[in-house]
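Reading the structure
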Amino acid sequence: MVLAGLWAFLLCACVLGHPKQTTSGGEDMRNCSVTPPFLPVTAVNTTVRLKDFRQHMETKGLDAYIIPDTDAHMSEYIAEHDERRRWISGFSGSAGNAVVSKMKAALWTDSRYWIQAERQMDCNWELHKEVGTLPMATWILAEIPAGGQIGFDPFLFSIDTWKSLDLHLQGSNRSLVAITDNLVDQVWGTERPSLPSQPIYYLQENFTGSTWQEKVTEIRNQMQTHSNAPTAVLLSALDETAWLFNLRSNDIPYNPFFYSYTLLTNSSIRLFVNASRLSSDVLQYLSSDCTGPMCVQIEDYGRIQESIQKYSVEDVRVWIGTEYTTYGLYGVIPQEKLVEDSYSPVMVAKSVKNRKEQDLLRAAHVRDAVAMIRYLVWLEENVPQGTVDEFSGAEQVNKFRGEEEFSSGPSFETISASGLNAALAHYSPTKEIHRTLSQDEMYLLDSGGQYWDGTTDITRTVHWGIPSSFQKEAYTRVLMGNIDLCRLVFPSSTSGRVVEAFARRALWEAGLNYGHGTGHGIGNFLSVHEWPVGFQSNNIAMAKGMFTSIEPGYYQDGEFGIRIEDVALVVEAQTKYGGSYLAFEVVSLVPYSRNLINTTLLLPEQLEYLNQYYKTIRQKIGPELQQRNLKQEYEWLLKNTEPLIDNSSWVRLPASLTILVATTLALALGQSL
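Cut-offs and rules
- Residues numbered from 1 in each chain as written.
- Predicted model: local features only at pLDDT ≥ 70, side-chain atom pairs only at ≥ 80, totals over all residues.
- Heavy atoms only, no water.
- UniProt positions renumbered as here; feature names shortened; annotations may be inferred.
- Domains from an automatic or database assignment.
- Contact = heavy atoms within 4.5 Å.
- Buried area = accessible area lost by both parts, 1.4 Å probe.
- Salt bridge = Lys/Arg side-chain N within 4 Å of Asp/Glu carboxyl O.
- Polar contact = N/O pair within 3.5 Å; in protein donor to acceptor, adjacent residues only side chain to side chain.
- Helix = DSSP H or I, 4+ residues; strand = E, 2+ residues; numbered from the N terminus.
- Nonpolar A, V, L, I, M, F, W, Y, C, P; charged D, E, K, R; others polar.
- Pairing = 2+ DSSP bridges.
- Axes fitted to C-alpha atoms, helices over the stretch in contact; angles between N-to-C directions.
- Core = buried A, V, L, I, M, F, W, Y, C linked by side-chain atoms within 4.5 Å.
- Buried < 20%, exposed > 50% of the residue type's maximum accessible area, 1.4 Å probe, protein only.

The name an unreviewed UniProt entry assigns to the chain is Xaa-Pro aminopeptidase 2, from the organism Phascolarctos cinereus. Recorded under Function (unreviewed entry), the UniProt text for the chain is reproduced unchanged: "Membrane-bound metalloprotease which catalyzes the removal of a penultimate prolyl residue from the N-termini of peptides, such as Arg-Pro-Pro. May play a role in the metabolism of the vasodilator bradykinin."

**Things to note about the domain arrangement of the chain**
Domain assignment breaks the chain into domain 1 (46–191), domain 2 (201–351) and domain 3 (355–603). The straight-line distance from the C-alpha centre of domain 2 to that of domain 3 is 33 Å. In this assembly, 21 residues from domain 2 lie in contact with 25 residues from domain 3. Together, the buried faces of domain 2 and domain 3 total about 1,900 Å²; carbon and sulfur atoms form 60% of this surface. If you sort the residues of domain 2 by the area they bury against domain 3, Phe207, Tyr254 and Ser351 come out on top, with a joint share of 37%. Linking domain 2 to domain 3 there are 1 salt bridge. A salt bridge links Glu530 to Lys350, with the nearest nitrogen and oxygen atoms 3.5 Å apart. Between the two partners, domain 2 and domain 3, sit 7 residue pairs in polar contact (both at pLDDT 80 or more). Among the elements of the structure, helix 9 (238–245) and helix 13 (345–351) are those that each provide at least two residues to the side of domain 2 that touches domain 3. For the side of domain 2 that touches domain 3, the element with the highest residue contribution is helix 13, accounting for 4 residues. In terms of residue class, the side of domain 2 that touches domain 3 is made up of 12 nonpolar, 5 polar and 4 charged.

**Focus: the UniProt feature "domain: Peptidase M24" (unreviewed entry) in the chain**
Listed under "domain: Peptidase M24" (unreviewed entry) in the UniProt record, and renumbered for this structure, are residues 360–571. Between the end C-alpha atoms of residues 360–571 the distance is 16 Å, and the span holds 29% helix and 25% strand.

**Focus on the sheet that holds strand 17 (residues 442–447)**
Ordered by their spatial adjacency, 3 strands build an open sheet running 16-17-20, and the pairing between neighbours is antiparallel. Pairing within the sheet leaves two strands with one partner each, and these edge strands are strand 16 (415–418) and strand 20 (458–463). If you compare each strand with its neighbour and ignore which way they point, the axes differ by 10 degrees on average. In this structure, strand 16 lies alongside strand 17, joined through 4 bridges in antiparallel fashion. For Ser418, the partnering residue across the bridge sits in strand 17 and is Tyr443. Strands strand 17 and strand 20 of the sheet are contacted by helix 14 (residues 355–382), whose axis makes an angle of about 155 degrees with strand 17.

**Re the nonpolar core**
Formed by 78 residues in total, the largest nonpolar core has its most connected members in Leu379, Tyr592, Ile597, Leu610 and Ile621. With 11 residues, the top contributor of residues to this core is helix 14.

**Overview of the UniProt feature "domain: Creatinase N-terminal" (unreviewed entry) in the chain**
UniProt marks residues 49–181 with the feature "domain: Creatinase N-terminal" (unreviewed entry), using the numbering shown here. The distance separating the terminal C-alpha atoms of residues 49–181 is 17 Å; by composition the span is 35% helix and 19% strand.

**Focus: unusual backbone geometry**
If a residue is not glycine, its phi is most likely negative; likewise, a peptide bond is most likely trans. Here the amide bond leading from Trp531 into Pro532 is cis, since omega sits at 10 degrees, within 30 degrees of zero. Mapped onto the elements, Pro532 comes out in strand 23 (residues 530–534). A positive phi angle is found at Ser287, which is not glycine, with a value near 50 degrees. Its place among the elements puts Ser287 in the loop between helix 10 (280–285) and strand 12 (296–299). Unlike most non-glycine residues, Asn629 shows phi in positive territory, near 60 degrees. One can find Asn629 in the loop between helix 19 (604–627) and helix 20 (631–640). Look at Asn629 and you get exposed, because its relative accessible area is 53%.

Spelled out as structure tokens, the structure:
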């Protein structure tokens, strides 16, 4: 390796055997007990920032201040303008909360980001390898004296987070103090990136499942039939407003959203947004020049709290989704005027795609499969020459996607990980820090695209040489879990968490497991992680028309990582005796790595499913490759979708038949004796 390789060595020593570094909650890879401290070269010096920040705390009479990892819309991905926790701490991971006191600074994050945090934070910061409000509250109680005041920005706190922290601090003589003027913003000053200002545009009708007028009518119908008779729905999540009006922009990395709120009543529609970003065509599209119930009134984005507070004075009831509404808005609506659900009716409606939206997403995945196959062929040609590294590979797959029709960029930062880096589930290379791809190592690619007709997300793990028997077994068991969940039939309204174990069963049988979720919802040119669909406890029940990823994995610390991810549509299942049952239709159409599959481990029904899947790939992707005259890719497709056969020397029998045979043999042996 060249300079990038040296950096990778310095920064990845935790998985190369440095005695002070672990990936599972052991000692910190930073050594702050020596002078000068031992720090990775990527650690950010935060001394001056913290000094200035504490001066602002003092002027507010605060003993501590909490800095979350989100924006005013509880977004997973946030714009540079909102990366407050990153700026104050140096840590750039997507999950983690920070607290600064008069003497200390601490950050809490989950196992995906422990190593990254150790690489990026200096010795001003403590790293706590746990998450949730309880560990943070426990630290506050230990560090902040009685009578202390803990500041927070109410527009960066979810309702649940505020309630949980408030509960933990009750009776402790310590109080939470809402500070609407964010202290990080004040210290950040003129260096803070400006708000995004690119135009907001509307999608053409052929890329939408319904008009915005149809969607508004449907939500109003739900308001009228609701038992609590809400008079308004407040939309805070960015994808809610984007979906409702079929509007898009690019304020958030990898997500085609724009800063906005919506207040929808039975007689009015109020869109809170920067009006200067709306062209005359968009204003006409929204019928903003009238005042009727189907006319969208444009109001200033910054006046949302004031407007909600004013609206709540009347005899009204405001329907909110508590998962995405901030305490800053929740706190100005009287409790008796709130109608609360975990998710707003728009969030739930968005998760169920109609027939047109389903077809759009299917079409996007066909084109995405072409880009992926082109990339896999390109890798087979270039990796043996030693000319491909993780970063150039990520750029190349993004390039192939960018050449596809209706492409609008990647749907998240590409995870392109070779060898030991793939053991870090959310590792992404940079131009400076990466490894060269090798025929002798496994390579994991988790990537996706944004297209005007859909969002994609797919993971494939490959090996171009001779994998070890353990690597093959681990890969095959991950594949078995993927297959078992993909081919599952289950009752309607079943929660994803109930069936999630099917993806882990083959791994569990061998004493293996993985530490991340099994899947998430996905949108139509919206979020790659679309809530509330998925397999976690706070996801809603599965329903026909939902799309979800299915992505089991296995990660061997310091050696390799495996993940196999497909996107699937929830469909009605055809069962022998009828009833209301559901199944999955996989729409990701890229073959798996043949030389990593140990067919002797596969059950007959798994092998049958796999070969049928390969047949489907041939039928749907083959003609697309031929039409584009991609001969080499077509030949690769034929080769990699050849039916797999069971090479085991023994015949598997159903359990009942196995017992019958065993009993018969035992009786025969007994008689012969």
